[in-house]
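Fold and geometry: a report
Residues per chain are reported as follows:
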Amino acid sequence: MRTVRDVKALRGLVAGWKAAGNAVGVVPTMGALHAGHLSLVHAAKAGTERVIATIFVNPRQFNNPDDLAKYPRTEERDAAMLMEGGVDVLFAPPPEVVYPQGFATSVSVGGVSRELEGAFRPGHFDGVATVVTKLLLMTGADRAFFGEKDWQQLQVVRRLVRDLNIPMTITGCPTLREADGLAMSSRNVRLSAAERRMAPVLHRAMVDAAEAIRRGQPADQALGAARAAVLAAGFSDVEYLERRDAESLGPATGAPARILAAAVLGGVRLIDNIPA
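Residues numbered from 1 in each chain as written. Predicted model: local features only at pLDDT ≥ 70, side-chain atom pairs only at ≥ 80, totals over all residues. Heavy atoms only, no water.

1. Notes on the overall build of the protein
Convention followed: Strands here mean DSSP runs of E at least two residues long; helices mean DSSP runs of H or I at least four residues long; both are numbered from the N terminus. Values of the radius of gyration come from C-alpha atoms, whereas the globule rule sets the reference at 2.2 Å times the count of residues to the power 0.38. We call two residues contacting when some pair of their heavy atoms lies within 4.5 Å. With residues, only the protein chains shown are counted as cover, and all accessible areas are computed by Shrake-Rupley using a 1.4 Å probe. Two residue types count as positive, namely Lys and Arg, and two as negative, namely Asp and Glu; His and chain ends fall outside the count. To locate a charge, take NZ of a lysine, CZ of an arginine, CG of an aspartate or CD of a glutamate.
Helix and strand content of the protein: 11 helices and 9 strands. In terms of C-alpha radius of gyration, the protein reaches 19 Å, essentially the compact-globule figure of 19 Å for 276 residues. For the protein, the spread of C-alpha atoms along the three principal axes comes to 55 × 40 × 40 Å. Considering only contacts within the protein whose residues lie at least 6 apart along the sequence, 73% involve residues at least 24 apart. For the protein, the computed accessible surface area is about 12,300 Å², with 53% contributed by carbon and sulfur atoms. Each charge class in the protein can be summarised by its mean position, and for the 32 positive and 29 negative side chains these summaries are 2 Å apart.

Okay, here's the thing in structure tokens:
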């Protein structure tokens, strides 16, 4: 595996691969990798001949400076995992490559980005959309692989690719979970042992709500019970726990729909989603 930090070198490699008839996949990450990220690498390996993984902790998508400061940076460890996973190139640009002096452009996706995460993290999805647009264009890959755990982010990326006519296929990959149901996340390491035992309640409450809705219980009742269960388990806040249209994230008027949630446990913000 080769580590590349500038765009010209990366594009030269990609041009050579494409000239040889190889399809190119990209897995964008912010590092602090876990098995969920590696599942995206495996999907990319299965779907393309050459795979790029990116690591860039994007300051523009953090609306909380403390969250940015606490985000783990483990490039050496991450690189070893990516090499073992069969990645061809790690693209790890420094901030000045992604946002050079005088950078003055922002990509903003309306509609799908405005509620849920967008409401609780103002500016977050503008930062996501801007950096993802840059990474997709920098790599020039044919397919990009994103985890379904960040469901709203996945819909934002799909929308920007359609709207901007970026010639790339966006592939969503299933959420990987721990044995007790907790969605794998780089943030999970910040939970204390006691909090880690409480954390799976979020997923269980969502599953219970989805099952209740399928049995005919009104959605508002099922979701209200789920919020109450999460708070009773020791979470300090449930920012949202809602059933939405799976693509537009507007009100769910039919299928397909998803339950999406964000809740705070011990100062750590956990998100999850499931079909509903």
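Additional details are given in the paragraphs that follow.
2. Some remarks on the nonpolar core
Note the threshold: Here, nonpolar core refers to any group of buried Ala, Val, Leu, Ile, Met, Phe, Trp, Tyr and Cys residues whose side-chain atoms link them within 4.5 Å. Burial status follows relative accessibility: with a 1.4 Å probe on protein chains alone, a residue under 20% of its type maximum counts as buried, one over 50% as exposed, and anything between as partly exposed.
Judged by nonpolar contacts, the single largest core of 43 residues is most densely connected at I52, F91, L136 and I170. Secondary-structure elements contributing two or more residues to this core are α1 (7–19), β2 (24–29), β4 (89–91), α7 (124–139), β5 (143–147), α8 (151–163) and β8 (257–265). For this core, the element with the most residues is α7, which contributes 8 residues. When near neighbours in sequence (up to four residues on either side) are disregarded, I52 contacts L10, V14, W17, V24, G25, V26, V27, V87, V89, F91 and T139.

3. Considerations on the layout of surface pockets
Put simply, the rule is: Of the two site types, the cavity is a set of points on a 1 Å grid over the protein atoms alone where a 1.4 Å probe fits but cannot get out, and the pocket is an open set with protein on both sides within 12 Å along at least five of seven lines, each lined by residues with an atom within 4 Å of a point. Grid points are joined across faces, edges and corners, and a volume is the space filled by probe spheres set on the points. Note on residue categories: nonpolar means Ala, Val, Leu, Ile, Met, Phe, Trp, Tyr, Cys or Pro, charged means Asp, Glu, Lys or Arg, and polar means any other residue, Gly included.
Volume-wise, the largest pocket comes out at about 260 Å³. In this structure, the largest pocket is lined by 13 residues; those nearest its centre are N64, D67, R187, G267 and R269. Those elements giving two or more residues to the lining of the largest pocket turn out to be α3 (65–70) and β9 (268–275). Ranked by the residues each element gives to the lining of the largest pocket, the list is headed by α3, at 3 residues. Grouping the amino acids of the lining of the largest pocket by side-chain chemistry returns 2 nonpolar, 3 polar and 8 charged. In this structure, the second largest pocket encloses a volume near 190 Å³. In this structure, the second largest pocket is lined by 16 residues; those nearest its centre are I55, F56, V57, R73 and E75. Class assignment for the residues of the lining of the second largest pocket results in 10 nonpolar, 2 polar and 4 charged.

Everything listed here is a matter of coordinates, which is why it stays silent on function.
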